[in-house]
Amino acid sequence: MKLLRLMLSIVLIAGALWVIVIEQMAGASANAFVNAPMVTIRANTAGDLSLPDTPFGARVHKGEIIATIDDPLVDTVRLNDLRMERAFTEAEIARIEDDLNSTRDMQNSLLARSETFRAARLKELTTRLEHARLRLAILEGGDLPENIDQDVLSLVGELPGRIPMEPGLAPLVLDHARERVEVLEIALATAQDGVFLGDGYNDSPNAEQRATELEGAILQLENALAEAKSRLNAITTRSQRENLRVNTANGGEIASPVNGLYWELLQADGVNVQRGDPILRLVNCDATFVSLSVTERIFNSLQIGEPASFRLTGREKVYEGTVARLAGAGAERIYQNLAVSPSTKHLERYDVSLLVPELTADSERGCSIGRTGRAFFDERPLDWVRALLN
């Protein structure tokens, strides 16, 4: 019985020693810490800087206002000149439109007068032609029109006494009457086509001629109006660009480009900064990862994309991740734009970076920049115990 107890004790001690040795020999990092890239916020214009009263390490959400720049001395001379040019052009457009409307009204009035003249002229020519034909019919001794006016018929009886009956004069009177009929027929036909032969040197009334002249003036005003509107569009475009430049140069609010933490303040509140000057630095909490160092043996056994696990110091929860970068020895340069720089002892070993999405998504510990822990690359005998604790 004593021998059995002795053998059982030896087996338990050997098993415990084996677990301890395997746990210690498993691929693990000497030190590991949460890290993240830094984002440098620079001034987008020159001016006086205003910073909110925010403590270091405070959370910053993407789009949150983190600084304001105001430049009261921004140059607005060019913008004022463009505004003046725009006002002058708008006044010119208004003047041209008024001239165009008044010219069109005058043309419409002249065209109405011309139409009145045309109607009256046609009526006049028609009346004169009717009387000329009647006189010709009387002289030729033919049948009179049935619709002749009775007053005219009263004159027919007096006509032989009024016209000399000398043999040499009668043919001339008859020829003159025929000429008047033919001339009036030609004048009436051309008048119906819009051409008037009354004066012998013009083919349209004065009102119509003036309306035709105004048509050319209207075309010139329309061209001038189109040119002024094109010039106004060009000035408006330049004014908008200049206004944008002035607003940009005048400063404004600067928003955070990332979700992160206030990490480093590079300028004091109220100072005057120039365009491109660094103002502050933020830690990008959406891009956290784990920095660690390992021995040469473990480093040479690792590959990018290989699975790994990470556990924060003092926490039992284990986060799964993957190997993202194998920087090796002397990797000081890659830490220039990171929130936490490695120690001298870290740089004496071989640098490795892990991506741990579960840790990044953790709202409580995802942005615990600088928190330390350990990373493991091999399975260990007590992993099932840790899984139960998780």
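What you see is a predicted model, and the numbers here were worked out from it, not measured in a lab.

Visitor: What is the right way to read the sheet that holds strand β10 (residues 289–294) from this model?
Guide: In any sheet, the strands associate via hydrogen bonds between backbone groups, in a parallel or an antiparallel arrangement. Around the barrel, six strands lie side by side as β1-β10-β13-β12-β11-β14; this closed barrel has antiparallel pairing. Between one strand and the next, the sheet's axes are offset by a mean angle of 40°, whatever the strand orientation. Alignment of strand β11 (residues 307–312) against strand β14 (residues 372–376), held across four bridges, turns out to be antiparallel. Looking at the pairing, L312 lines up with G373 of β14.

Visitor: So what exactly am I meant to see when it comes to the sheet that holds strand β5 (residues 65–70) here?
Guide: Judged by pairing direction, the sheet is antiparallel, and its four strands sit side by side in the order β6-β5-β3-β8 without closing on themselves. The sheet is open, and its two edges are formed by β6 (251–255) and β8 (272–273), each paired on a single side. Examined bridge by bridge, strand β3 (residues 47–50) and β5 share three bridges and lie antiparallel to one another. Across the sheet, the residue bridging to L49 is I69, located in β5.

Visitor: How should I be thinking about the pattern of salt bridges in this particular structure?
Guide: Side chains that carry opposite charge are capable of pairing whenever their charged atoms lie near each other. Under the defined criterion, the tally for this structure stands at ten salt bridges. Among the ionic pairs, E85 bridges to R238, the shortest N-O distance being 3.6 Å. Remark: R238 occurs in helix α6 (residues 206–249) and E85 occurs in helix α2 (residues 77–140); sequence separation between them is 153 residues. Overall, the relative accessible area of 28% leaves E85 in the partly exposed class. Between R231 and E92 there is a salt bridge whose closest N-O contact spans 2.6 Å.

What counts, and at which threshold
The numbers attached to residues start from 1 for each chain and follow its sequence in the written order. With pLDDT at 70 or above as the cut-off, local features in this predicted model cover only qualifying residues; side-chain atom pairs require 80 or more to be listed or tallied, and sums for whole chains, interfaces and linings still use all residues. Note: side-chain values were computed over all heavy atoms of the structure, leaving out hydrogens and water. Strand pairing follows a simple DSSP-based rule, namely that at least 2 bridges must link the two strands. Numbering of helices and strands runs from the N terminus, with a helix taken as a DSSP run of H or I at least four residues long and a strand as a DSSP run of E at least two residues long. All axes are obtained by fitting lines to C-alpha atoms, using only the stretch in contact for helices, and the reported angles, taken between N-to-C directions, cover 0 to 180 degrees. Here a salt bridge means any side-chain nitrogen of Lys or Arg lying within 4 Å of a carboxyl oxygen belonging to Asp or Glu. Classification of residues uses two cut-offs on accessible area relative to the type maximum, computed with a 1.4 Å probe and protein chains only: under 20% is buried, over 50% is exposed, and between them is partly exposed.

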